[in-house]
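Breakdown of the fold
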Amino acid sequence: MGPPVARLVLLLLFLLPMQGAESCGTTRCCFQDPPYRNTDSGSPPASASGPRDLNCYRIFGAGYKCSWEYEGPTAGVSHFLRCCLSPRRCCYFSTGSATKLQFSDQSGIPVLSDVTLWVESWATNRTEKSPELTLKLHYSSVQYDPPPGDIRVSRGAGKLYMKWETPAGQEGAEVQFRRRTPGSPWKLGDCGHRDDAGSESCFCPLEVNETQEFQLRRRRQLGPGAPGGPWSSWSSPVCVPSETPPQPKVQFSVEPLGRDGRRRVTWKGELPQLQLPEGCRGPKSGARVTYRLHLHMLSCPCKAQATKTLSLRTTFNLSGAAYDLAVISENRFGPGPNQSWHIPAHTHTEPGALNFGARANGTTVSWPDWAPGLTYCIEWQPQDQDESAAACALTAPKDQDPAGTGTHLWSRASGALEQKVCYRITIFASAQPKKANSWSSVLSTHHFGGNASEVGVPQHMSVKTLSPDSVLVDWKPSLLSTCPGVLKKYIVRWWDKDSNQVSETQVTLGGLRAGTAYSVQVRADMATLRGAWSQPQHFHVEIQLLEVSDLAIILASLGSFLSILLLGVLGYFSLNRALPHLCPPLPTPCASTALEFPSSQGKQAWQWTSMADFLQEEEESLKEALVVTMPCEKGDRADLDTPSPPKVRTELPPDAPEPAPDTELPLEDRRRVQGHPEAGALGPSGQDRLEGSPVQAAGLSLLLGEQMQSPRPDGT
């Protein structure tokens, strides 16, 4: 039995390798002929297509790996890794279109002895072969692992700093990186050798406004000047956002306060659309920018929590308090610059919404209770001051009061509401006081601190007369008028009667009696408290004095008018009477009656005995001579601008009768005088003429015009 059994065992041992060689798969080397015709074209030249750069090495702790490159079109190309243990014993691995293969020491290839490896690429009845590689796989170069996935990224001094844990047993590695931005190709960089006590690191460039994708790989460094081992595969993408995150364009709109004590806030805008590299488009790539809303409640500073960070929503609700909103952009480096908005407090007040009461130990305030278990915040601050001057107090949650009211007491020891100023009091309520966005506004009103009755007394009253029976009383506004909703009305009284309420700072008092002394007072009343009367203002109305004074003004005005009119009339008549004496009219020769002869004397004949007698008489009566002007021809006018001829003065005899002023010459004589310039005989001979002598002609005219008679020879 012994020898046959031994022979059977040897046969089984021989058949097992044969059965293994016949079973071909992806995990074992197939000891059969390749499934293609062997049309070997030999090793291709450097410029031809085909497989090249075959490299086989040991993977640290994971078996063995062979990789190569293929030049040329890859469509329809199948790759086969060939391995020969001896010239007559070869096998192959089919990799399809892949250019790498990983196997273990259980794949049918001896790793402790020399093996020859090459790659055959088959396509369309043509086989291309790579150069052969002979080595002992167990003692070949070792390929390190790439950096692990948990790479820590930070920035500083304009550089990007990456750090990771060194894989166990793979110290002393050389590291490379490659990077790309959206739409750009890969760029290769060298990190160098950085082994720092179990960790490795690399400094990389940082882009300010673009997102980058990084990948790293490692290889074993054999020594100075020696070629390194095979490079590991590239690590998983490391996405680095830009240094400055893009800011969104956001605007907030606030609606009025609703009945629930909250305001709806809506943001409008668009978030920036980021351009990302291909490997950084996943939801957890690390290149995304997250936008959040940071909420800070400024009112009610004594609350437990004042801030809250929320995800950026389209709408959210807030109370009527003052808030600061900030939109924060955050990436893997932390928060970036933010944009801030201020939402002012709701300023509408409700007069009389709070009930104030004065006690010995302080001031109480009560309001309608909303619901049991609420925490109330009572805030008060002087009017026209910012939120920093506000003070507040919290009331602990309690069961609902039977009267349905909430109350709070300001003690005198605390000094609250003791200043004589206007306070704005606001009450907030919340069921979750630790959340800044959970508060609601209950009510808001104004209250004048201190003794408002005394402080609000009107001052600086004055009385002005409007008519004989009415006066105007005005005063300086009360200090209560500066506090909205506190001052209700003014009450004015004189004597012992109160007038109708007024809201202005003046009132007209009518129906007053003459000669009566009055006193007037004013007080300012609040909604819940009556004010104090002002100091009385005394006045006296004297209507009669006002009437006499008005009449005197009217009479004085009328007398002045009549005086001016009388002086004008007197001056007019005086000027008319004095004008002829001051400016006498010029004589009009044609209009004179000097040439008119009386009818009784028209035919008288004047005769002188001789010219000597005429001249003698003329000289004797020279002093009493009558001066007349030259007569004008009929139809001629006197020329005032032409000098008249010399006037001749003659003297009538003493016993000559005076001519009558209205005596006219007979028609015959007038014709003789006017039509015949020659005079009659003056002497006894009647032959002497006075032609050519102006003086004689003038004298003749004078004698004729004035009807002067010379003494006759007989003495008559």
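Structural data are supplied above this passage.
Summarised in this report is the structure supplied together with it. (Residues numbered from 1 in each chain as written. Predicted model: local features only at pLDDT ≥ 70, side-chain atom pairs only at ≥ 80, totals over all residues. Heavy atoms only, no water.)

Another point: the overall build of the protein. Scanning the protein from terminus to terminus reveals 6 helices and 39 strands. A total of 716 residues make up the protein; the buried ones form 36% of that total. At a minimum sequence separation of 6, the contacts of the protein that also span at least 24 residues come to 66%. Approximately 42500 Å² of the protein is accessible, and the part contributed by carbon and sulfur atoms is 53%. (Helix = DSSP H or I, 4+ residues; strand = E, 2+ residues; numbered from the N terminus. Buried < 20%, exposed > 50% of the residue type's maximum accessible area, 1.4 Å probe, protein only. Contact = heavy atoms within 4.5 Å. Areas by Shrake-Rupley, 256 points an atom, 1.4 Å probe, with all protein chains shown as cover.)

The subject of this paragraph is the packing of aromatic side chains. A full pass over the atoms with the stated rule returns 11 aromatic pairs. Both rings, one in Trp 380 and one in Trp 410, keep their centres 5.3 Å apart while their planes meet at 85°; by these two values the pair is edge-to-face. A residue pair is termed long-range when its members are at least 10 positions apart, and Trp 380 in strand E26 (residues 375–382) and Trp 410 in strand E28 (residues 405–411) qualify at 30 residues. In this structure, Trp 380 and Trp 410 share a single accessibility class: buried. Taken together through their ring pairs, the aromatic side chains of Tyr 64, Phe 93 and Phe 103 make up a single cluster. Here the guanidinium or amino end of Lys 129 rests over the ring plane of Trp 118, the centre of that ring lying 4.7 Å away. (Phe/Tyr/Trp six-rings, centres within 6.5 Å; stacked < 30°, edge-to-face > 60°. Lys NZ or Arg CZ within 6 Å of the ring centre and 35° of its normal.)

A separate point is the side chain of Ser 366. Structurally, Ser 366 is set in strand E25 (residues 362–368). Overall, the relative accessible area of 17% leaves Ser 366 in the buried class.

Our focus in this paragraph is the state of the cysteines. On inspection of all chains with the given rule, the structure shows 8 disulfides. There is a disulfide in this structure between Cys 29 and Cys 91, and the S-S distance comes to 1.8 Å. Between Cys 29 and Cys 91, the S-S torsion sits near 105°, and that sign places the bridge as right-handed. Of the two residues, Cys 29 sits in the loop between helix H1 (2–22) and strand E1 (50–59) while Cys 91 sits in strand E4 (residues 89–96), which places them 62 residues apart along the sequence. Residues Cys 29 and Cys 91 agree in their burial class; the two are buried. Residue pairing for Cys 239: its cysteine sulfur links by disulfide to Cys 280, the two sulfurs lying 1.9 Å apart. (Disulfide = S-S within 2.5 Å.)

Another aspect to go through is the pairing of strand E32 (residues 470–476). Where burial is concerned, most of E32 is hidden: 6 out of the 7 residues are buried. Pairing analysis gives 6 bridges linking strand E31 (residues 459–467) to E32, with the strands arranged antiparallel. Paired with Ser 467 across the strands is Ser 470, a residue of E32. Between the antiparallel neighbours E31 and E32 lie 2 residues. Sheet topology places E32 next to strand E35 (residues 506–509); 4 bridges connect them, and they run antiparallel. Within the sheet, the bridge partner assigned to Leu 472 lies in E35 and is Thr 508. (Pairing = 2+ DSSP bridges.)

Turning next to the pattern of salt bridges. Across all of its chains, the model carries 9 salt bridges by this definition. Ionic pairing is found between Lys 129 and Glu 132, a salt bridge with its closest N-O pair at 3.2 Å. Among the residues examined, Lys 129 registers a relative accessible area of 14% and is labelled buried. By relative accessible area, Glu 132 is classed as partly exposed at 48%. Linking Glu 165 and Arg 152 is a salt bridge whose minimum nitrogen-to-oxygen distance equals 3.9 Å. Linking Glu 165 in strand E11 (residues 159–165) with Arg 152 in strand E10 (residues 152–156), this pair joins segments that are 13 residues apart in sequence. The class for Glu 165 is partly exposed, based on a relative accessible area of 41%. Within this structure, Arg 180, Glu 213 and Glu 278 form a network of salt bridges that share partners. (Salt bridge = Lys/Arg side-chain N within 4 Å of Asp/Glu carboxyl O.)

With that settled, the discussion passes to a nonpolar patch on the surface. A cluster of nonpolar side chains, namely Leu 558, Phe 561, Leu 562, Leu 565, Val 569, Tyr 572 and Phe 573, defines an oily patch on the protein surface of about 750 Å² accessible area. Positionally, Val 569 belongs in helix H3 (residues 543–582). (Patch = residues over 30% accessible without salt bridge, like charges linked within 9 Å, V, L, I, M, F, W, Y side chains within 5 Å.)

Our focus in this paragraph is the sheet that holds E35. Pairing in this open sheet of 3 strands is antiparallel, and the strands run E31-E32-E35 from one edge to the other. The two strands at the open ends of the sheet, each matched to only one other strand, are E31 and E35. Between one strand and the next, the sheet's axes are offset by a mean angle of 20°, whatever the strand orientation. (Axes fitted to C-alpha atoms, helices over the stretch in contact; angles between N-to-C directions.)

Of all hydrophobic cores here, the largest spans 24 residues; its most connected members are Phe 448, Val 473, Trp 475, Leu 509, Val 520 and Phe 539. Going through the elements one at a time, helix H2 (452–455), E32, strand E33 (487–494), E35, strand E36 (516–526) and strand E37 (537–541) are the ones with two or more residues in this core. For this core, the element with the most residues is E36, which contributes 5 residues. Phe 539 has contacts with Val 463, Val 471, Leu 509, Leu 512, Thr 516, Ala 517, Tyr 518, Ser 519 and Val 520, leaving out every residue within four places of it along the chain. One finds Ala 321, Val 327, Ile 343 and Ala 436 within the second-largest nonpolar core, a separate group that totals 23 residues. (Core = buried A, V, L, I, M, F, W, Y, C linked by side-chain atoms within 4.5 Å.)

Judged by pairing direction, the sheet is antiparallel, and its 4 strands sit side by side in the order E27-E26-E29-E30 without closing on themselves. Each end of this open sheet is capped by a strand with a single partner; those strands are strand E27 (391–395) and strand E30 (440–448). Across the sheet, the mean angle from the axis of one strand to that of its neighbour is 15°, orientation sign disregarded. Pairing of E26 with E27, which is carried by 5 bridges, proceeds in the antiparallel orientation. Each residue of the ladder has a partner; that of Cys 377, found in E27, is Leu 394.

With respect to the helices and strands, Asp 190 occurs in strand E13 (residues 187–192). Separated by 12 residues in the primary sequence, Asp 190 and Arg 178 place their C-alpha atoms 8.5 Å from one another. Ignoring sequence-local partners within four residues, the contact set of Asp 190 consists of Glu 174, Val 175, Gln 176 and Phe 177.

Turning our attention to the side chain of Gln 170. Checked against the element boundaries, Gln 170 lands in the loop between E11 and strand E12 (173–180). The class for Gln 170 is buried, based on a relative accessible area of 1%. Residue contacts for Gln 170: discarding those within four places in its chain leaves Phe 60, Tyr 144, Asp 145, Glu 200 and Arg 218.

Here we come to the environment of Val 442. Here Val 442 shows up in strand E30. Overall, the relative accessible area of 12% leaves Val 442 in the buried class. Taking the C-alpha atoms as reference, Val 442 lies 5.4 Å from Ile 427; in sequence the two are 15 residues apart. Beyond its immediate sequence surroundings of up to four residues, Val 442 is in contact with Trp 367, Trp 370, Tyr 376, Ile 427, Phe 428 and Ala 429.

With a phi angle near 55°, Ala 157 is a residue other than glycine that sits in the positive phi range. Residue position: Ala 157 is located in the loop between E10 and E11. Positive phi is not limited to glycine here, since His 460 has a value of about 55°. Looking at where His 460 falls in the secondary structure, it is placed in strand E31.

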